[in-house]
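# Per-entry structural report
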Amino acid sequence: MSINLHLKLAGKNTKVIDLPSSWAELEDARHITQIPHGEPCRIYIFCAEPDHLKEVLPDEVDIDQLQCFMEMLDRMDERQADCLEGSIKFRQFQLHRTQLPLPLLIDLACSVDACTIQYDIYDDADLYQARINAGAPTEILDRLPRKVRKSLSPMELGQLLRLAEDGVFTSKGYVSIPGGTKHAHDKAMLPPRPAKPDWTIHLEFRSGIVQPISLSLPNTPDAVQDVLQQVKYLGPDGYDDIKISSIIPSLNFLSPPILDDLPRLNVLAQLIQDADQRGELVKCKAVLALMDDRPVDLSTAEQLLQSLGSYQFYPELTSAADYGRLCARAAYGLKEGDLLSDYIDLTRYGEFLMKTNDVSLTRYGLVHTLSPDPVRSPLVEAETGGPSMQM
């Protein structure tokens, strides 16, 4: 079955993402929105499959919990997913609310195997008739005085059965929840959180003839050569395409490398790994984002990451107004609480100084080019400059 949640996360910045997602995509969303682990964030749902998720999910969620819930949904078969829909609807009726907290939704997802669903029952009269036809026990009805039972319609008798069984009707049929709700305190019941991969770039050579050939980078020169020989053995038409995955999502869209580029791609993967170990993975993303207005090829990506020292990165500054405020305070000795916006158009002031000081705004924060840009053409400096970026 199809499981997908297309939504926008709103933190200091916003990011559109699909869930369930990979570790790299989730971390990238955190780097852009600057939402710390464990803190709730506001979400705006554009599209949900199943559709009923749109109304049931709260407006603010812990993104790790939401990822966990979507992973649980992704593992369900059609019957389990239909039972969960009924279980959610029943709990909405019980609590007199449409949106349910995520921990409760996770508990309900853990309890789907205790539920039953009958796809041919859509109202109380159908339910009563089905129980009678099946010769199923109807204790609640047997307790009724004979006169009372005879006076009730099949719809009313079915309603009594449904209430006794904790049942609910959905678009798929009748769901009953006789086993109650399990609580997901046992971590073994939950899917593991997406783990950080042990590679920075992963290649998959896909072919309709043989199984895909995979290569994780960085790797040893011998391992790279071994894969290179395997792929070349297939001949020029031996593979259909190359899938690139990276812990820096923008590199997923690199132009597919020719085979002779694999050693250079291995060097790029090592540069990313080294930067990650220095705590500069987000800086790598920001510097590569300087090229958002043009395609990034292998040569450009390699030059940018070899020149990280030529850039300063400020993730806490996420707008031209932030930069204008910083520079105004530095230039005029103003304090943190001063209401600069009452006297200065901080956005226009910041935009002017950004051009003057070769500062660029990326979705990860501001990047200041300290020396002539090794890749991009330097911006023309304005004759009247503002204060340079001093941090």
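See the structure shown above.
Below is a short write-up of the structure. (Residues numbered from 1 in each chain as written. Predicted model: local features only at pLDDT ≥ 70, side-chain atom pairs only at ≥ 80, totals over all residues. Heavy atoms only, no water.)

## Examining the overall build of the protein chain
As a reminder of what qualifies: Each helix is a run of DSSP H or I of at least 4 residues and each strand a run of E of at least 2, with the numbering of both proceeding from the N terminus. Each residue is assigned to one of three classes by its accessible area relative to the maximum for its type, calculated with a 1.4 Å probe on protein chains only: buried under 20%, partly exposed between the two thresholds, exposed over 50%. Two residues form a contact once any of their heavy atoms are found within 4.5 Å.
Per the secondary structure count, the protein chain includes 15 helices and 13 strands. Residues counted as buried form 46% of the 391 residues belonging to the protein chain. The contacts of the protein chain with a sequence gap of at least 6 include a subset with a gap of at least 24, amounting to 67%.

## Observations regarding the sheet that holds strand E7 (residues 173-176)
Strand pairing within a sheet occurs via backbone hydrogen bonds; the two strands may be parallel or antiparallel. For the record, the criterion: Here a strand pair is declared whenever DSSP counts at least two bridges between the two strands. For helices, the fitted axis covers only the stretch in contact; all axes are lines through C-alpha atoms, and the angles between them, taken along N-to-C directions, range from 0 to 180 degrees.
Pairing is antiparallel across the open sheet formed by three strands, whose spatial order is E5-E7-E6. Since the sheet does not close on itself, it has two edges, and those belong to strand E5 (116-118) and strand E6 (167-170), each with one partner. Pairwise comparison of adjacent strand axes, ignoring direction, gives a mean angle of 25 degrees for this sheet. Direction of pairing for E5 relative to E7: antiparallel, over a ladder of three bridges.

## A look at the environment of Arg30
Secondary-structure assignment places Arg30 in helix H1 (residues 23-33). The spatial distance from the C-alpha of Arg30 to the C-alpha of Asn13 is 9.6 Å, given a sequence separation of 17 residues. Every residue in contact with Arg30, bar those within four places of it in the chain, is listed here: Ile35, Pro36, His37, Ile63 and Asp64.

## Some points on the sheet that holds strand E12 (residues 359-362)
With antiparallel pairing, the three strands of this open sheet are ordered in space as E11-E13-E12. A single partner strand is all that each edge strand has here, and the edge strands are strand E11 (311-314) and E12. Strand-to-strand twist in this sheet, taken as the mean axis angle between neighbours without regard to direction, amounts to 25 degrees. Sheet topology places E12 next to strand E13 (residues 365-369); four bridges connect them, and they run antiparallel. Directly across from Thr362, in E13, lies its bridge partner Gly365. On top of the sheet, helix H12 (residues 281-289) reaches E11, E12 and E13; it is set at about 110 degrees to E11, its chief contact.

## As for the packing of aromatic side chains
Under the convention used in this document: Only the six-membered ring of Trp is used, alongside the rings of Phe and Tyr, when aromatic pairs are assigned; centres must lie within 6.5 Å, and planes under 30 degrees apart are stacked while those over 60 apart are edge-to-face, with the rest tilted. Our definition puts a charge over a ring when NZ of Lys or CZ of Arg is within 6 Å of the ring centre and also within 35 degrees of the ring normal.
Counted according to the given criterion, the structure contains one aromatic pair. An angle of 50 degrees between the planes, with centres 5.3 Å apart, marks the rings of Phe169 and Tyr174 as tilted. With a relative accessible area of 1%, Tyr174 lands in the buried category. Across from the ring centre of Tyr44, 5.3 Å away, lies the NZ or CZ of Lys8, which sits over that ring.

## Some details on the nonpolar core
What counts here: Remark: nonpolar core denotes a set of buried residues (Ala, Val, Leu, Ile, Met, Phe, Trp, Tyr, Cys) joined through side-chain atoms within 4.5 Å.
Counting residues in hydrophobic clusters, the biggest one holds 45 residues, and the most contacted among them are Ile201, Leu203, Phe205, Leu265, Leu268 and Ile272. The residues touching Ile272, leaving out its near neighbours within four places in the chain, are Thr200, Ile201, Ser246, Ile247, Ile248, Leu251, Leu281 and Leu305. Judged by nonpolar contacts, the second largest core, of 36 residues, contains Leu5, Leu53, Val61 and Met72.

## Considerations on the side chain of Arg131
Residue placement: Arg131 occurs in helix H6 (residues 124-134). Take Arg131: its relative accessible area is 12%, and that puts it in the buried class. When near neighbours in sequence (up to four residues on either side) are disregarded, Arg131 contacts Gln118, Ile121, Ala136, Thr138, Leu161, Glu165 and Tyr174.

## Section: a nonpolar patch on the surface
Short version of the rule: Residues qualify for a patch when their relative accessible area is over 30% and they have no salt bridge, like charges being joined within 9 Å and the nonpolar side chains of Val, Leu, Ile, Met, Phe, Trp and Tyr within 5 Å. Working definition of accessibility: Shrake-Rupley area with a 1.4 Å probe, residue cover restricted to the visible protein chains. By salt bridge we mean one thing: a side-chain nitrogen of Lys or Arg within 4 Å of a carboxyl oxygen of Asp or Glu.
A cluster of nonpolar residues, Val16, Tyr44 and Phe46, forms a patch on the protein surface that exposes about 270 Å² of accessible area. Counting through the fold element by element, Phe46 comes out in strand E3 (residues 40-49).

## Comments concerning the packing of helix H10 (residues 221-233) against helix H11 (residues 262-277)
The line we're drawing: Angles are sorted into four bins: roughly parallel if under 35 degrees, roughly antiparallel if over 145, roughly perpendicular if 65 to 115, and oblique for all others. Handedness of a crossing follows from how the near helix is turned relative to the far one, being left-handed for an anticlockwise turn of less than a right angle and right-handed for a clockwise one. Ten residue types, Ala, Val, Leu, Ile, Met, Phe, Trp, Tyr, Cys and Pro, are classed as nonpolar, four, Asp, Glu, Lys and Arg, as charged, and the remainder, Gly among them, as polar.
Orientation of H10 relative to H11, taken along the N-to-C sense of each, is 140 degrees, at an axis distance of 10 Å. Judged on the interaxial angle alone, H11 and H10 are oblique. Considering the relative orientation of H10 and H11, their crossing is right-handed. Note on element contacts: H11 touches H10 through Leu262, Pro263 and Asn266, opposite Val224, Gln225 and Leu228. In the contact of H10 with H11, the residues fall into four nonpolar, two polar and no charged.

## With respect to the pairing of E7
The pairing of E6 with E7 spans four bridges and is classified as antiparallel. Bridge pairing in E7 places Phe169 opposite Tyr174. Counted between consecutive antiparallel strands, the loop separating E6 from E7 contains two residues.

## Some points on the environment of Leu298
Following the sequence through the fold, Leu298 ends up in helix H13 (residues 298-306). Separated by 37 residues in sequence, Leu298 and Asp261 place their C-alpha atoms 8.4 Å apart.

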